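These are the residues of each chain, in order.
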Amino acid sequence: MCGLAGFLRTPSTPDRAAHKDWLARMGESIRHRGPDAGAIWTDDEVGLVHRRLSIIDLSEAGNQPMVSASGRYVIVFNGEIYNFQELREHLCREGHVFRTGTDTEVLLTLYETMGPECLGQLNGMFAIAVWDKTASSLFLARDRLGKKPLYFYHNAGHFAFASEIKALLPLPFLNTELRHDAIKDFFAYQYVPDPKTIYRNIYKLPPGHWLETDGVKVQQAQYWDLAFDNPSSRSADSLAEELYALIDDAVRLRMVSDVPLGAFLSGGVDSSAVVGLMAGHSQRPVTTCSIGFDSRHFDEVVWAQKVANQFGTDHHEFTVKENVAGSLGKISRYFDEPFADPSFVPTYFVSQLARQKVTVALAGDGGDENFAGYSKYRTDQIENQIRSLVPGGIRRSLFPLLARMLGQMDNTPAKKANSLLGTLATEPDQAFYTSNCFFRPEIWNSLVSGELARETKDYDPGEITRHHYRQAKAEDHLSRILYTDIKTYLPGDILVKVDRMSMANSLETRAPLLDYRVVEFAANIPSRLKLHGKDKKHILKKAFSGMLPQDVLYRKKMGFSVPLAQWLRCELREMAESLLLAPDSGLSNLFDPAGIRRLWELHQSGRDNVTQELWSLLAFELWWQSYQKDQAGGGLL
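Residues numbered from 1 in each chain as written. Predicted model: local features only at pLDDT ≥ 70, side-chain atom pairs only at ≥ 80, totals over all residues. Heavy atoms only, no water.

Would you take a moment to explain the overall build of the protein chain for this structure?
Scanning the protein chain for helices and strands turns up 27 helices and 19 strands. Over its C-alpha trace the protein chain gives a radius of gyration of 25 Å, about what one expects of a compact globule, namely 26 Å for 637 residues. Each of the three principal axes of the protein chain carries a C-alpha extent, and together these read 75 × 60 × 50 Å. The 637 residues of the protein chain split such that 60% are buried. Across the protein chain, contacts joining residues at least 24 apart in sequence account for 73% of those joining residues at least 6 apart. Just so you have it, the protein chain exposes about 24,700 Å², and 49% of that area is on carbon and sulfur atoms. Distance between charge centroids for the protein chain: 3 Å, based on 71 positive and 78 negative side chains. (Helix = DSSP H or I, 4+ residues; strand = E, 2+ residues; numbered from the N terminus. Rg over C-alpha atoms; globule rule 2.2 N^0.38 Å. Buried < 20%, exposed > 50% of the residue type's maximum accessible area, 1.4 Å probe, protein only. Contact = heavy atoms within 4.5 Å. Areas by Shrake-Rupley, 256 points an atom, 1.4 Å probe, with all protein chains shown as cover. Lys, Arg positive; Asp, Glu negative; His and termini not counted. Charge placed at Lys NZ, Arg CZ, Asp CG, Glu CD.)

Structure follows, in structure tokens:
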């Protein structure tokens, strides 16, 4: 796992002597991604920098930037190519000679041989930048599902790229004007969805895409997409058997490492299955790490311990008990734009724990999106069943009226009924967005002010969800929302969280359930075998029913939940209040300060559940304090 950055030199950046200093500062800003080595490569047209976390072939020969045997191409690469040994054997048969044992050299040789077509041959996670000295062109690519991040800046004749936004900030030509619609997106989704970032001129290269540029013209293309339109007619037993074999092979491939390797273990189906398969491929006990809270409702370590005992792992636990406030600012800074999924806190601590024991950790990410594991899918299924019983005309005309009436009542049942009727009145794609929006529109409208209110008045973040829902190659509603989450929530939230928190600790994470072969196979499993009545991830549980005990397979899912409401009333209260209610806060440039104070007092009184809205406001302010306060001179816009 590594970090990369670079820029194209242009007539407007004539100070050649300064370029190496820019690159050095870019590399230093992402040292945490690669503490083992760092190097710079420049010519008259481009500057490249790389930070290395050594995993395969630990010798200096594996350092980057790496120049191809012909001398034409130069690569910087972040990630792992799990099938590199197979690809290397094929290239050797074609007469290629290798100087190192790295997957980087295999990737570079493959690109020199095939160009962009080589991406279809790769099984791995990657962000790639290749400079073609002959054509004076830069090629960027990102893995199919977005495991590895890749940002680029394109404005006023300048082009630059990096693994993290913070590596772009040292560039003096960077314009960091904020993007208003992205701010609204953040409060709706808890993250800024691809391809936007919080900055107007910085973009994320979407997963499954490549980009080529000479610094002026930019060409983007999608090389991979996921289709759900060919559901298998095979028996459940046959599908479960092949699924097990595929995941087992994905685990095997991800256990290739020249450094110590272990796993995250929550005691849920996904991570338990990964650990069980690892145990079958290892001659020594698997190192496992779990995180817990000093709260029975949020603590899963007892289940993790049960699985650890079953497979005889070398198990380690950490319990988050105190000083969350003292750590929150430092941890959140690793996200270069606002990010509000609160599970980043335990993810950071479990990564910190794991790094004390290993350099690589396997994780169970991807099981919920591939096999319908979230409770929201079951809720959505029930709503659709009710929706199908009521004619559309009645739903669209009567339900909003009833919802408004119930909205006037100040009690929990009425509020839940109001929410349900509101979603039932809309079509399935909009209802999925409404049910999973993290900042209620009525609260947004009561708070937003000034230029942000004017600029975003007619902008609807829900169009991002609806767009992907419509784009899905799928025959049924569940498949469409799984596709939507794989295109939005997975790369924008889950994978960002895991990448930034593990890389903050110089830890590489690998996700066997996101092997593209597993993802494509899962897409062709009929929806009824994923969400089977009340049983979520039905086919995955069936696949591992011979390995995992029933109480692990069928216990209630908790996920990486945190006691957020308690934190805001106890551990985080003083810190949050000082940030949210400060007269010179970044929030005060966007929202009505009196409205934020009312929300804060409402939460402290326990009269209403505004936890998520307050947490999102706090996350935004933490980001602003780190990245905007000095630039804005105390003002945001």
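Text resumes after the structure shown.
How should the sheet that holds strand β7 (residues 137–142) be read in this particular structure?
Strands pair in a sheet through their backbones, by hydrogen bonds, and they do so in one of two ways: parallel or antiparallel. Reading across the sheet, the six strands line up as β4-β5-β6-β7-β11-β12 and stay open at both edges, with antiparallel pairing between neighbours. Since the sheet does not close on itself, it has two edges, and those belong to β4 (66–67) and β12 (218–222), each with one partner. Alignment of strand β6 (residues 124–132) against β7, held across six bridges, turns out to be antiparallel. Residue pairing in the sheet places V130 in a bridge with F139 of β7. (Pairing = 2+ DSSP bridges.)

Looking at this model, I keep getting lost on the nonpolar core. Mind explaining?
Membership of the largest hydrophobic core comes to 117 residues, with the highest contact counts inside it found for L168, L580, F591, L617 and L618. Here the element with the most residues in this core is helix α26 (residues 611–627); it accounts for 10 residues. If we ignore the near neighbours within four places in the chain, the residues touching L168 are M26, Y151, Y153, A160, F161, A162, L174 and I202. Ranked by size, the runner-up nonpolar core spans 66 residues in total, among them V106, A273, L362 and I539. (Core = buried A, V, L, I, M, F, W, Y, C linked by side-chain atoms within 4.5 Å.)

Which parts of the structure should I look at to understand the pairing of β7?
In summary, the side chains of a regular strand alternate between the two faces of the sheet. Within β7, six of the six residues are buried, which leaves it mostly tucked inside the rest of the structure. The turn joining β6 and β7, which pair antiparallel and follow one another in sequence, is formed by four residues; a positive phi near 55 degrees is taken by S136. Alignment of β7 against strand β11 (residues 209–213), held across four bridges, turns out to be antiparallel. Its bridge partner being in β11, L138 is matched across the sheet by T213.

Would you explain the state of the cysteines in this entry?
Throughout this description, disulfide means a covalent bond between two cysteine sulfur atoms. Evaluated as defined, the whole model comprises zero disulfides. You can see C2 has no disulfide; the closest cysteine sulfur is in C118, sitting 18 Å from it. (Disulfide = S-S within 2.5 Å.)

Mind showing me how you'd approach the packing of aromatic side chains here?
Given two aromatic rings, their pairing is described by the distance between the two centres and the angle made by the two planes. If you walk through the whole model with that rule in mind, you get 30 aromatic pairs. Ring centres 5.7 Å apart and planes at 50 degrees place the aromatic pair Y189 and Y433 in the tilted group. Separated by 244 residues along the polypeptide, Y189 in helix α4 (residues 180–189) and Y433 in helix α14 (residues 428–435) bring together distant segments of the chain. Look at Y433 and you get buried, because its relative accessible area is 9%. Each member of the aromatic cluster is reached from another via a ring pair, and the members are F186, F187, Y199, F439, W444, F591, F620 and W623. (Phe/Tyr/Trp six-rings, centres within 6.5 Å; stacked < 30°, edge-to-face > 60°.)

Looking at this model, I keep getting lost on the confidence of the model for the protein chain. Mind explaining?
When pLDDT is low, close inspection of the predicted coordinates is not appropriate. Mean pLDDT over the protein chain: 92, with 93% of residues reaching 70 or higher. Low confidence marks residues 632–637, where pLDDT is under 50. Its contacts with residues over four positions away, or in another chain, come to 17 contacts. (pLDDT = per-residue confidence, 0-100.)

Got a minute to help me understand the side chain of T465 in this structure?
Mapped onto the elements of the fold, T465 is located in helix α17 (residues 462–471). Overall, T465 belongs to the buried group, its relative accessible area being 6%. If sequence neighbours within four positions are ignored, T465 has contacts with Y189, D429, F432, Y433 and T484.

When you look at the packing of helix α11 (residues 375–389) against α14 in this model, what are you seeing that I'm missing?
Angle between the axes and distance between the axes are the two parameters that describe a pair of packed helices. For the pair α11 and α14, the least separation of the axes is 11 Å and the interaxial angle reads 140 degrees. In terms of their interaxial angle, α11 and α14 are classed as oblique. The element α11 and its partner α14 pack so that their crossing is right-handed. Mapping the contact onto sequence places K376, Y377, D380, E383, N384 and R387 in α11 and P428, A431, F432 and S435 in α14. Among the residues forming the contact of α11 with α14, the class breakdown is four nonpolar, two polar and four charged. (Axes fitted to C-alpha atoms, helices over the stretch in contact; angles between N-to-C directions. Parallel < 35°, antiparallel > 145°, perpendicular 65-115°, else oblique. Left-handed = near helix turned anticlockwise from the far one by under 90°. Nonpolar A, V, L, I, M, F, W, Y, C, P; charged D, E, K, R; others polar.)

Hey, could you run me through the packing of helix α5 (residues 236–253) against helix α6 (residues 269–281) in this one?
Between α5 and α6, the least distance of the axes is 9 Å, while the angle of their chain directions is 65 degrees. As summarised for this structure, α5 and α6 are arranged roughly perpendicular, according to the angle between their axes. As for how α5 packs across α6, the hand of that crossing is right-handed. Here Y244, I247, D248, V251 and R252 of α5 lie close against α6, whose contacting residues are V274, L277, M278 and H281. Its residues assigned to classes, the contact of α5 with α6 shows six nonpolar, one polar and two charged.

Would you mind going over unusual backbone geometry with me for this structure?
Excluding glycine, residues mostly carry a negative phi; peptide bonds, for their part, are mostly trans. Cis rather than trans, the peptide bond between Q64 and P65 has omega equal to 0 degrees. Its location among the elements puts P65 in the loop between β3 (46–52) and β4. The backbone phi angle of S136 is positive, close to 55 degrees, even though this residue is not glycine. Mapped onto the fold, S136 is located in the loop between β6 and β7. Given a relative accessible area of 21%, S136 falls into the partly exposed group. Even without being glycine, S506 reaches a positive phi, approximately 55 degrees. The residue S506 is located in the loop between α19 (489–503) and β19 (508–510) in this model. Judged by relative accessible area, S506 falls into the buried class, the value being 11%.

Looking at this model, I keep getting lost on the pairing of β3. Mind explaining?
The buried fraction of β3 amounts to seven of the seven residues, a majority that puts the element mostly inside the structure. Burial along β3 is two-sided: V46, L48, H50 and R52 and G47, V49 and R51, pointing in opposite directions, are all buried. Direction of pairing for strand β1 (residues 2–8) relative to β3: antiparallel, over a ladder of seven bridges. Bridge pairing in β3 links C2 to R52. Sheet topology places strand β2 (residues 37–42) next to β3; six bridges connect them, and they run antiparallel. Within the sheet, the bridge partner assigned to T42 lies in β3 and is G47. The antiparallel pairing of β2 with β3 creates a hairpin that spans three residues between the two strands.

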